[in-house]
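Single-letter residue listing:
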Amino acid sequence: MIVTSSFQDLHVVKTDLAKLQGDYPNQFTKFINAIKLTRQLQYGFQYMGCLIMGEDAHRFLPQAQTSYVLSIYEREMEKLKKDVDFSEVRQLLWNHKQISYDNICKLALGNKPEFLVGPVLVN
């Protein structure tokens with residue numbers, strides 16, 4: 001999937017992430033932990049976002065993982081999906097999904113918007 005993001009769109013997400021971190025630090029921490037787990041397992045952020053948002057994640061399914069590890073990961077994402085204390089993160093993901101969950105996660109990790117501008121292949 002190819003996604004094109006403008007600097008303005010990315011800057012708005014960065015601002016919303018900073019607001020989330022300030023207003024809902026526990027939710028932001030849960031989100032960062034999910035991102036770090038995803039990165040550690042070398043899964044795609046788009047896959048994580050689809051699982052949390054209840055979208056079809058099949059086309060972003062990691063290729064080289066054991067079914068056991070994948071099932072544990074999916075259970076953890078399901079917990080976040082159902083967690084009432086994660087609603088602000090889900091709202092942020094919903095509001096900005098057009099720029100991709102991949103870009104949102106990279107911004108949450110501290111990437112600068114100017115490095116994410118333009119078309120990118122999300123997998």
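Cut-offs and rules
- Residues numbered from 1 in each chain as written.
- Predicted model: local features only at pLDDT ≥ 70, side-chain atom pairs only at ≥ 80, totals over all residues.
- Heavy atoms only, no water.
- Helix = DSSP H or I, 4+ residues; strand = E, 2+ residues; numbered from the N terminus.
- Rg over C-alpha atoms; globule rule 2.2 N^0.38 Å.
- Core = buried A, V, L, I, M, F, W, Y, C linked by side-chain atoms within 4.5 Å.
- Buried < 20%, exposed > 50% of the residue type's maximum accessible area, 1.4 Å probe, protein only.
- Contact = heavy atoms within 4.5 Å.

Student: For the overall build of the chain, give the residues involved together with the corresponding values.
Tutor: Helix and strand counts for the chain come out as six helices and two strands. When the helices and strands of the chain are listed from N to C terminus, the series reads β-α-α-α-α-α-α-β. Relative to the globule expectation of 14 Å for 123 residues, the C-alpha radius of gyration of the chain, 14 Å, shows essentially globular dimensions. The principal-axis extents of the C-alpha atoms in the chain amount to approximately 40 × 30 × 20 Å.

Student: Explain the nonpolar core to me, using residue names and the numbers behind them.
Tutor: Counting 34 residues, the largest nonpolar core has Phe 31 and Met 48 as its most contacted members. At the level of elements, helix 1 (7-23), helix 2 (25-40), helix 3 (45-53), helix 4 (67-82), helix 5 (87-96) and helix 6 (101-108) are the ones that each hand at least two residues to this core. It is helix 3 that contributes the most residues to this core, seven residues altogether. If we ignore the near neighbours within four places in the chain, the residues touching Met 48 are Phe 31, Ala 34, Ile 35, Thr 38, Tyr 73, Met 77 and Cys 105.

From the geometry alone we can't say anything about function, so treat these as descriptive.
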